[in-house]
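# Chain and residue survey
Each chain is listed here by its residues.
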Amino acid sequence: MTSALKVMPLPKGGKARPEVLPGVAEGFEHVVVDTSRGHFHVVAYLERELPPDGIPAYLTARKDGARSFVLWADPGRRSRLATLVTTAAGKGVSEYQVWGGQGELIGTFVREKALSGKGLRTRWTVTQSGCPQTVGFKGRIFWWYVWWPLFPLWVLTGVVGLFSGDGDVPRGPRRIVWQAGAEAPLEYLSRDEVVVHAPWVDLRLAAALTATVRSFDSWIGTPWDDKKK
């Protein structure tokens, strides 16, 4: 069965949605949901794992591409579904490991930012332990060629949208299709969902990938892990 994973904000003010089971945990702001199983079927509860110097140090490190967070299996923080750690970050290239709750390595991600020396598009490499390496590029070349000549218009439209309050801000091409030979096991859609096509993909790795990609939202986006408190 195909899964469609998405990062969603939890309702604020203690107003829990009835679909969230067993309830909204205090301190959580975002979850990963599987929209293929219902609008708010929770797969994991997201929480940043802060360094000793706290939030300021985390925010400083994330500017270079570092990320560190936990995907909890339950709102009571009794069981870790997965943990993402950064192994290297800088000069547009970031490398991550995803570990399971029993200390097993689930897989790795490598993000190579566009124009960082290895291509015109941002490249994501996802490798699940014991499985083929998959590579995906952000946006199709054709749509980037269409997008960039019209960039000044998109900026103007975005500014007007922000001041008018309608929230309609244009976005660049965002679709990513991960290829492993002739197979496309994973796909990121412009509606901010990671679709799992291959049955061999570990859902924990896919959930961590969803949270990681969404943390690299554009300057007009809303990354879930950039809060200052």
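Keep in mind it's a predicted model, so treat the numbers as computed, not measured. (Residues numbered from 1 in each chain as written. Predicted model: local features only at pLDDT ≥ 70, side-chain atom pairs only at ≥ 80, totals over all residues. Heavy atoms only, no water.)

Time to look at the pattern of salt bridges. Taken as a whole, this structure holds twelve salt bridges when the rule is applied. Measuring nitrogen to oxygen at the nearest pair gives 2.7 Å for the salt bridge that ties E49 to R80. Of the two residues, E49 sits in the loop between strand 3 (42–48) and helix 1 (54–62) while R80 sits in strand 5 (residues 80–90), which places them 31 residues apart along the sequence. In this structure, D225 engages R67 in a salt bridge whose closest nitrogen and oxygen atoms are separated by 3.5 Å. Pair noted here: D225 is in the segment after helix 4 (203–215) and R67 is in the loop between helix 1 and strand 4 (69–72), with a separation of 158 residues, a long-range link. Pair check on accessibility: D225 and R67 agree, each one buried. Residues participating in the shared-partner salt-bridge network are R62, R67 and D225. (Salt bridge = Lys/Arg side-chain N within 4 Å of Asp/Glu carboxyl O. Helix = DSSP H or I, 4+ residues; strand = E, 2+ residues; numbered from the N terminus. Buried < 20%, exposed > 50% of the residue type's maximum accessible area, 1.4 Å probe, protein only.)

Summed over all chains, the structure comprises one cavity of 30 Å³ or more. What lines the largest cavity is simply V126, Q128, T134, P185, L186, W200, V201 and L205. Those elements that provide at least two residues to the lining of the largest cavity are strand 8 (123–128) and strand 11 (183–189). For the lining of the largest cavity, the residue count by class is six nonpolar, two polar and no charged. (1 Å grid on protein atoms, 1.4 Å probe; cavity = no way out; pocket = protein on both sides within 12 Å on 5 of 7 lines; lining within 4 Å. Points joined across faces, edges and corners; volume = space filled by probe spheres on them. Nonpolar A, V, L, I, M, F, W, Y, C, P; charged D, E, K, R; others polar.)

With 78% of its residues at a pLDDT of 70 or more, the protein chain shows a mean pLDDT of 85. Considering each helix and strand of the protein chain separately, the mean pLDDT is smallest for helix 2 (residues 141–147), with a value of 56, and largest for strand 6 (residues 93–100), with 98. Counting interchain partners and residues more than four positions distant, the pLDDT-below-50 stretch residues 14–25 has 19 contacts. (pLDDT = per-residue confidence, 0-100. Contact = heavy atoms within 4.5 Å.)

Moving on to helix 1. Burial in helix 1 covers these residues: G54, I55, Y58, L59 and R62. Buried residues of helix 1, seen end-on, are gathered within an arc of 140° and therefore sit on one face of the element. Check the buried side of helix 1 and you find it contacts strand 3 and helix 4. (Arc of directions from axis to C-beta.)

Our focus in this paragraph is the nonpolar core. What tends to happen in soluble globular proteins is that the nonpolar side chains get buried as a cluster. In terms of nonpolar packing, the biggest core is built from 34 residues, with V32, L71, F109, W178, L186 and L209 touching the most fellow members. A total of seven residues in this core trace back to one element, the largest contributor, which is helix 4. Residues contacting L71, with those up to four places away along its chain left out, are V32, A44, Y45, L46, R80, L81, A82, A207 and A208. If you look at the next biggest cluster of nonpolar residues, it comprises ten residues, including M8, V31, V42 and W72. (Core = buried A, V, L, I, M, F, W, Y, C linked by side-chain atoms within 4.5 Å.)

Take the environment of Q179 next. Locating Q179 in the fold gives a position in strand 10 (residues 176–180). For Q179, a relative accessible area of 36% gives the class partly exposed. In the structure, Q179 is positioned 44 residues away from V135 in sequence and 5.4 Å away in space, judged by C-alpha atoms. Look past the residues within four positions of Q179 in its chain and what remains in contact with it is Q133, T134, V135 and A184. In terms of polar contacts, Q179 uses its side chain to reach the backbone carbonyl oxygen of G181, at 3.5 Å. For Q179, the side chain forms a polar contact with the main-chain oxygen of E183, separated by 3.3 Å. (Polar contact = N/O pair within 3.5 Å; in protein donor to acceptor, adjacent residues only side chain to side chain.)

A word on the side chain of D192. Along the chain, D192 falls in the loop between strand 11 and strand 12 (193–196). Judged by relative accessible area, D192 falls into the buried class, the value being 14%. Setting aside its immediate chain neighbours within four residues, D192 contacts L5, K6, R174 and R214.

What follows covers the packing of aromatic side chains. Tallying each qualifying case throughout the model produces three aromatic pairs. Between F28 and Y45, the aromatic rings sit 5.4 Å apart at their centres with planes inclined by 50°, giving tilted as the arrangement. With F28 in the loop between strand 1 (3–9) and strand 2 (30–34) and Y45 in strand 3, this residue pair connects regions lying 17 residues apart in the sequence. Ring geometry for F69 versus W224: centroids 5.3 Å apart, planes at 75°, classification edge-to-face. Here F69, found in strand 4, pairs with W224, found in the segment after helix 4; they are 155 residues apart in sequence, far enough to count as distant. We note that F69, like W224, is buried. Positioned over the ring face of Y58 is R48, at 5.5 Å from the centre of the ring. The positively charged end of R111 is found above the aromatic ring belonging to F216, 3.9 Å away from the centroid. (Phe/Tyr/Trp six-rings, centres within 6.5 Å; stacked < 30°, edge-to-face > 60°. Lys NZ or Arg CZ within 6 Å of the ring centre and 35° of its normal.)

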